[in-house]
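Commentary on secondary and tertiary structure
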Amino acid sequence: MKLHRTEALSRERFGDHVRLRYRWDAPSIEPGRFIVARAGDLSAGLAPFLPRPFFVHDFADGVASLLFEVRGAGTAALADWGADVNVSEPLGRGFDLGGIGDGPVALIGGDVWVAPLKLLARRLALLGVSHDVYLELPATASETYVDLLHRAYPSATLAPTDGGPEAPRTVLERVGDLTRYRAVFASGPSEMLAVLSEACAGRIAAQLALRERMACADGSCFGCAVAMADGSYARACVEGPVFAAEELARPSGGVTIAGALP
Ligand SMILES: Cc1cc2nc3c(=O)[nH]c(=O)nc-3n(C[C@H](O)[C@H](O)[C@H](O)COP(=O)(O)OP(=O)(O)OC[C@H]3O[C@@H](n4cnc5c(N)ncnc54)[C@H](O)[C@@H]3O)c2cc1C
Ligand code: FES
């Protein structure tokens with residue numbers, strides 16, 4: 001995996017979250033694709049961290065951004081002001097915007113998984129596709145993170161929840177009648193994706209951005225395998241991370257949506 005050293009333009013902290021902006025020389029980036037990133041001097045070798053995967057949060061005028069939660073050593077290093085940032089090219093398969101006409105479509109996100117919906121909303125606006133954004137807001141979210149969401153998604157309907165088992169259904173209730181939409185694009189915790197997938201099945205096309213754990217991120221290790229409806233397995237880093245809901249396996253008792261952070 002080739003990493004490119006890039007200039008970090010800003011790092012803004014919102015509670016446990018960081019928005020990192022960096023220069024990226026490309027005409028566009030497809031929403032839903034991801035990059036892998038690593039802080040530090042690459043000439044010092046791979047230690048201490050392998051690059052970590054992140055959705056591209058936004059991109060405009062040669063500036064890309066990531067929005068991530070600081071969880072462990074890799075994200076803490078990326079959040080550290082002054083550290084070099086090394087990023088890959090955008091990877092994987094993003095949201096498929098074919099067949100949605102001029103909408104309307106629903107963008108549904110939950111908890112800390114809202115990152116890829118910003119670039120998607122930007123692209124839909126450019127294409128003239130009408131869209132509504134619904135975001136679950138867990139009670140644990142800091143004030144600064146809530147403020148960030150308000151600014152990043154100004155027209156979003158925010159659905160505050162206590163983060164409990166009913167949280168995904170709370171968001172769905174806010175969406176109301178799904179059939180008024182031509183498609184649903186979702187990025188959220190596995191429980192939310194499972195509930196959405198069930199609600200959309202046979203009624204409306206849904207695309208789900210998964211966060212399956214990754215190692216190589218280039219298709220060679222099969223560590224990110226996702227079970228498919230036809231009994232095969234797909235690599236989230238190459239054939240995903242965005243999948244049509246009906247592509248994914250739905251064993252009895254519910255949908256298996258891998259890739260959620262605990
Ligand atoms: C395609 C993709 C896109 C992602 N986009 C974003 C994003 O936009 N914003 C964001 O905040 N995070 C995103 N993530 C998750 C992010 O990659 C991890 O939080 C990060 O790798 C943690 O690295 P770390 O070194 O800080 O922590 P580590 O020490 O590596 O991990 C901290 C904890 O998180 C767990 N963990 C790490 N990655 C995953 C995972 N994928 N699934 C389940 N548990 C995990 C570890 O087991 C450990 O318990 C994405 C993941 C994938 C696969
Ligand atoms: S992470 Fe290695 S094949 Fe996807």
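First things first, this report covers the structure right here in the doc. Not measured: the values here are computed from a predicted model.

Parameters and conventions
- Counting starts from 1 at the beginning of each chain's written sequence and moves along it residue by residue.
- Numbering of ligands from 1 and lettering of chains from A proceed in the order in which they are written.
- Reporting in this predicted model follows two pLDDT cut-offs: at least 70 for local features of residues, and 80 or more for side-chain atom pairs to be given and counted; totals over whole chains, interfaces and linings ignore these cut-offs and use all residues.
- For each residue, a C-beta atom is positioned from the backbone; the residue is called near a molecule or strand if that atom sits within 6 Å of it.
- For the purposes of this entry, the term helix denotes a DSSP run of H or I that reaches at least four residues, the term strand denotes a run of E that reaches at least two, and both are numbered from the N terminus.
- Note on residue categories: nonpolar means Ala, Val, Leu, Ile, Met, Phe, Trp, Tyr, Cys or Pro, charged means Asp, Glu, Lys or Arg, and polar means any other residue, Gly included.
- For each domain, the first and last residues come from an automatic or database assignment.
- Remark: C-beta atoms are placed from the backbone, and a residue is labelled buried if 20 or more other C-beta atoms sit within 10 Å of its own, exposed if 12 or fewer do, or partly exposed between those counts.
- For two strands to be treated as a pair, DSSP must find at least two bridges joining them.
- The crossover handedness rule: strands pointing away from the viewer, path from first strand over the helix to second strand clockwise, crossover right-handed.

**Examining the site of ligand 1**
Around ligand 1, 22 residues are found, and the nearest of them are Phe 68, Gly 72, Gly 74, Thr 75 and Ala 115. Those elements that provide at least two residues to the shell around ligand 1 are β5 (52-55), β7 (63-69) and α1 (73-79). Grouping the amino acids of the shell around ligand 1 by side-chain chemistry returns 12 nonpolar, four polar and six charged. Both of domain 1 (4-87) and domain 2 (105-247) provide at least three residues apiece to the shell around ligand 1.

**Quick word on the pairing of strand β9 (residues 105-109)**
Counting buried residues along β9, five of its five residues qualify, which places the element largely inside the surrounding structure. Here β9 shows a buried face lined by Val 105, Leu 107 and Gly 109 and a second buried face lined by Ala 106 and Ile 108. As judged from the five bridges shared by β9 and strand β10 (residues 131-138), these two strands associate in the parallel manner. When the bridges of β10 are listed, Val 105 appears paired with His 131. Traced from β9 through helix α2 (residues 116-127) to β10, the parallel crossover comes out right-handed. Where β9 and strand β12 (residues 183-187) come together, five bridges link them in parallel fashion. Bridge pairing in β12 places Leu 107 opposite Phe 185.

**Some points on unusual backbone geometry**
Across the junction of Gly 103 and Pro 104, the peptide omega takes the value 0°, indicating a cis bond. Examined against the element boundaries, Pro 104 turns out to sit in the loop between β8 (85-87) and β9. Phi at Asp 61 is positive, roughly 50°, even though this residue is not glycine. Tracing the sequence through the fold places Asp 61 in the loop between β6 (58-60) and β7. The phi dihedral of Ala 217 is positive, around 60°, even though this residue is not glycine. Within the fold, Ala 217 resides in the loop between β13 (205-209) and β14 (225-227). Given 24 C-beta atoms within 10 Å, Ala 217 falls into the buried group.

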